[in-house]
Amino acid sequence: MLSAVCLIAKPSEELRIAAVFAAANARQAGHDVGHSAASLAAVAAARSLVLRRGDEAKHEILSSIETLPFSDFAEQAQWDYGKISSASENPAISHSPLWTIELQHFEAARQIDTPNDRKLQKRLSFWREWYQGFLDGKPLDWELQRRVALIDDTIWDAGPETVAAEIERIEAEFLAEKLPMAETIELHPETGKFRAVPILVENASYMSALLTQIGDALEDCLGEHNGLSDRSGDVKKLNRVLTKYKDDPQNAELTLTTVAGSLRRQLIETRELPPNEDNLALLNAVEEGVRGIRANHPEVAANRDHLAQQAFKALAPEDKQVLEEALPMLTAISEPELAEEFAQDIPELINDALLPLPDGAPPLPGADAATRVFSRSSKMVPLWEKLNAAHDGKVHRIATMGLAAYAVSELLFKMVSLGLRLLGVL
């Protein structure tokens, strides 16, 4: 009936095909189970196609709805038809709540029941989000929906477990595209744990010169009356770039961008640091380093372009709980260097800015920390699933802390879902 209403309000070939398809399916459903609503939908949709006259078709559809036992449906249908008919352009119906009137017979905002079985929860997760999105008028990202819709028929035919696994793969791939990083995530061949391998900068000598310039400017700032000390968070980050990230352009750019923003705020906005020659020279060196890395590393520049378009949502309490649970697991399945970065980034995301700036983290997730955490988690998914399949789901050497392979798989699934939600995809 919805297809028929749309068809008579805004005729198009696409809607005509949709209405024919809906009518055929509704008729079959009515035949199979004797469902009166399905039968009425079939009659109304089919007649609207035959009549081809808006007023008569509208009468057929609304009359069919009015014969249903719930008056709410008729009132909602009248509202919907009026909204579609009066719109000068096609209205964004998908971005309106499904129920726009007060209902008497059931609670429209009720969340879909969550099954107790954890495997069933995971299998239904995407569909719960998808359905709730249409109830609320907040549909999932259309590109993500398109990729799910285009899953190969052989996978659909293999059953819900196979479909769920494919959707999980699609979501992980989608998140990795949203948060690209100039690095690869791989399994260490000897330990079987994850590690991050940077894609080296093309112009190594220029990178070295940039870092030398930053190191010299930092040395000039420390001590005396410049307001910076070895205990400063920005100084610690810069020292990390000069040592740990000297051959890692992606993490160097992420960290330098964070420091540049912090120094600029303290020098220009809050005046926490004196805007003297040394401090301004350090800010200039850091910003020059950021621009230089981006100019000489296309992958890093692409990542920054993506980040500039992202708007991270605030973390809810349940999101922070996922991150708290993730921290020990992610560090356990990672090589020491990668584990150390998880141990730095995740607490920064969890911090809800109870402490004043600059010691407290901002209330929204730090974009650079979030990029590292969720990009890396998404890239772990296909590797872990391949490893899990090879070990037939049993505990194996990579699952330290007594973790079963399924527990780690479930955790990575939660991390991908959380990352997509923070980006507004789910």
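Residue numbers run consecutively from 1 along every chain, following the written order of its sequence. Note on the predicted model: pLDDT of at least 70 is required for a residue's local features to be given, and 80 or more for side-chain atom pairs to be given and counted; whole-chain, interface and lining totals, by contrast, use all residues. Hydrogens and waters are ignored; side-chain quantities use all the structure's heavy atoms.

K.L.:
How should I be thinking about the overall build of the protein chain in this particular structure?
P.N.:
Numbering goes from the N terminus for both helices and strands, where a helix is a DSSP run of H or I of at least four residues and a strand is a run of E of at least two. If you tally the helices and strands in the protein chain, you get 18 helices and two strands. Exposure is judged per residue with a 1.4 Å probe applied to protein chains only, and the accessible area is read against the type maximum: over 50% gives exposed, under 20% gives buried, and values in between give partly exposed. Looking at the protein chain as a whole, 42% of its 426 residues are labelled buried. Residue contacts follow a heavy-atom distance rule, with two residues in contact if any of their heavy atoms lie within 4.5 Å. Sequence separation of at least 24 residues holds for 67% of the intrachain contacts in the protein chain that already meet a minimum separation of 6. Note on areas: Shrake-Rupley, 1.4 Å probe, and residue coverage restricted to the protein chains presented here. Of the roughly 22,200 Å² of accessible surface on the protein chain, 54% is carried by carbon and sulfur atoms.

K.L.:
What exactly am I supposed to notice about empty space enclosed by the protein here?
P.N.:
Empty space left among the atoms is revealed by rolling a probe the size of a water molecule over them. In this analysis the probe radius is 1.4 Å and the grid spacing 1 Å, with only protein atoms considered; a cavity is a set of points the probe fits into but cannot get out of, a pocket is an open set with protein on both sides within 12 Å along at least five of seven lines, and lining residues have an atom within 4 Å of a point. Grid points are joined across faces, edges and corners, and a volume is the space filled by probe spheres set on the points. Evaluation of the coordinates by the stated rule reveals one cavity of 30 Å³ or more. For the largest cavity, the calculated volume is near 60 Å³. For the largest cavity, the full set of lining residues is K122, R123, S125, F126, W127, A164, I167, E168, E171 and F413. Among the secondary structure elements, those contributing two or more residues to the lining of the largest cavity are α6 (118-136) and α9 (160-178). If you tally residues by element for the lining of the largest cavity, the top one is α6, at five residues. Residues belonging to the lining of the largest cavity are distributed by class as follows: five nonpolar, one polar and four charged. Amino acids are sorted into nonpolar (Ala, Val, Leu, Ile, Met, Phe, Trp, Tyr, Cys and Pro), charged (Asp, Glu, Lys and Arg) and polar (every other residue, Gly among them).

K.L.:
Is there a simple way to think about the pattern of salt bridges in this case?
P.N.:
Between side chains of opposite charge, pairing is possible as soon as their charged atoms come close. Here, a salt bridge means any Lys or Arg side-chain nitrogen found within 4 Å of an Asp or Glu carboxyl oxygen. All told, the structure shown has 18 salt bridges when counted by the stated rule. Where R146 meets E143, a salt bridge forms, and the shortest distance between an N and an O atom there is 2.9 Å. In this pair, R146 and E143 both sit in helix α7 (residues 142-149), three residues apart, roughly one turn of the helix. When the shortest N-O distance is used, the salt bridge between R372 and D345 registers 2.8 Å. Here the residue R372 occupies a position in helix α17 (residues 367-390), and D345 occupies one in helix α16 (residues 336-350), the gap between them amounting to 27 residues. Grouping residues by exposure puts R372 and D345 together as buried. One network of salt bridges, with partners in common, ties together E143, R146, R147, E166, R169, E173 and E177.

K.L.:
So what exactly am I meant to see when it comes to the packing of aromatic side chains here?
P.N.:
How two aromatic rings sit relative to each other is set out by the distance from centre to centre and by the angle between their planes. Classification of ring pairs rests on two measures: the distance between centres of Phe, Tyr or Trp rings, Trp counted by its six-membered ring, which must be within 6.5 Å, and the angle between planes, read as stacked under 30 degrees, edge-to-face over 60 and tilted in between. Taken as a whole and assessed by the stated rule, the structure comprises six aromatic pairs. Ring centres 6.2 Å apart and planes at 45 degrees place the aromatic pair W127 and W156 in the tilted group. Within this pair, whereas W127 is found in helix α6, its partner W156 is found in helix α8 (residues 153-157), the two being separated by 29 residues in sequence. Note on W127: relative accessible area 30%, which makes it partly exposed. Residue W156 is classed as partly exposed on the basis of its relative accessible area, which comes to 31%.

K.L.:
Explain the nonpolar core to me, please; I cannot follow it from the model alone.
P.N.:
Among soluble globular proteins, nonpolar side chains are generally buried collectively. Here the nonpolar core consists of buried residues drawn from Ala, Val, Leu, Ile, Met, Phe, Trp, Tyr and Cys, with membership extended through side-chain atoms lying within 4.5 Å. By size, the foremost hydrophobic cluster in this structure holds 44 residues, and its most contacted members are L323, L330, L349, F374, M380 and M415. Listing elements by their share of this core, those giving two or more residues are α7, α9, α15 (317-332), α16, α17 and α18 (405-422). The biggest single contributor to this core is α18, with eight residues. Apart from the residues within four sequence positions on either side, F374 is in contact with L175, L179, L323, L349, M415, L418, G419 and L422. Counting residues in each nonpolar core, the second largest holds 27 residues, with Y245, A260, L273 and A285 among its members.

K.L.:
What is the right way to read α6 from this model?
P.N.:
Because an α-helix completes one turn every 3.6 residues, residues spaced three or four positions apart along the sequence face the same direction. In a regular helix each residue adds 1.5 Å, so 19 residues correspond to 27 Å; α6 covers 25 Å between its end C-alpha atoms and thus fits that length. For α6, the principal kink sits at L124 and spans about 50 degrees. Buried residues of α6: K122, S125, F126, Q132, G133 and L135, and no others. Count one or two residues on from α6 and you reach G137, which has phi positive near 75 degrees. Residue count minus one, scaled by 1.5 Å, sets the expected span of a helix. To get the bend at any residue, fit one axis to the seven residues that end at it and another to the seven that begin at it, then take the angle between the two axes.

K.L.:
How do you make sense of the environment of Q76 when you look at a structure like this?
P.N.:
Secondary-structure assignment places Q76 in helix α5 (residues 71-86). Considering only alpha carbons, one finds Q76 and I65, 11 residues apart in sequence, at a separation of 9.8 Å. What Q76 contacts, discounting residues up to four positions off in sequence, is L98, W99, T100 and I101.

K.L.:
Whenever I open this one, the packing of α6 against α7 confuses me. Can you help?
P.N.:
To characterise two packed helices, one gives the angle between the axes of the helices and the distance between these axes. Between α6 and α7, whose axes approach to 13 Å, the crossing angle comes to 130 degrees. The angle between α6 and α7 places the two elements in the oblique class. For the element pair α6 and α7, the recorded crossing hand is left-handed. Across the interface between the two elements, F126, W127, W130 and F134 of α6 pack against W142, L144, Q145 and V148 of α7. For every element, the axis is a line fit to its C-alpha atoms; helices are fit only across the contacting stretch, and the angle between N-to-C directions ranges from 0 to 180 degrees. Any angle that falls under 35 degrees is termed roughly parallel, while one over 145 is termed roughly antiparallel, one within 65 to 115 roughly perpendicular, and all others oblique. Handedness of a crossing follows from how the near helix is turned relative to the far one, being left-handed for an anticlockwise turn of less than a right angle and right-handed for a clockwise one.

K.L.:
Is there a simple way to think about the confidence of the model for the protein chain in this case?
P.N.:
Low-confidence regions, as indicated by low pLDDT, have predicted coordinates that should not be scrutinised in detail. In predicted models, pLDDT denotes the confidence assigned by the predictor to each residue on a 0 to 100 scale. With 78% of its residues at a pLDDT of at least 70, the protein chain reaches an overall mean of 77. The spread of mean pLDDT over the elements of the protein chain runs between helix α3 (residues 36-51), the lowest at 69, and α8, the highest at 93. Throughout residues 352-363 the model reports pLDDT below 50, and contacts reaching past four residues in sequence, or to other chains, amount to 12 contacts. In the model, residues 393-400 has pLDDT below 50 throughout and makes 21 contacts with residues more than four positions away in sequence or in other chains.

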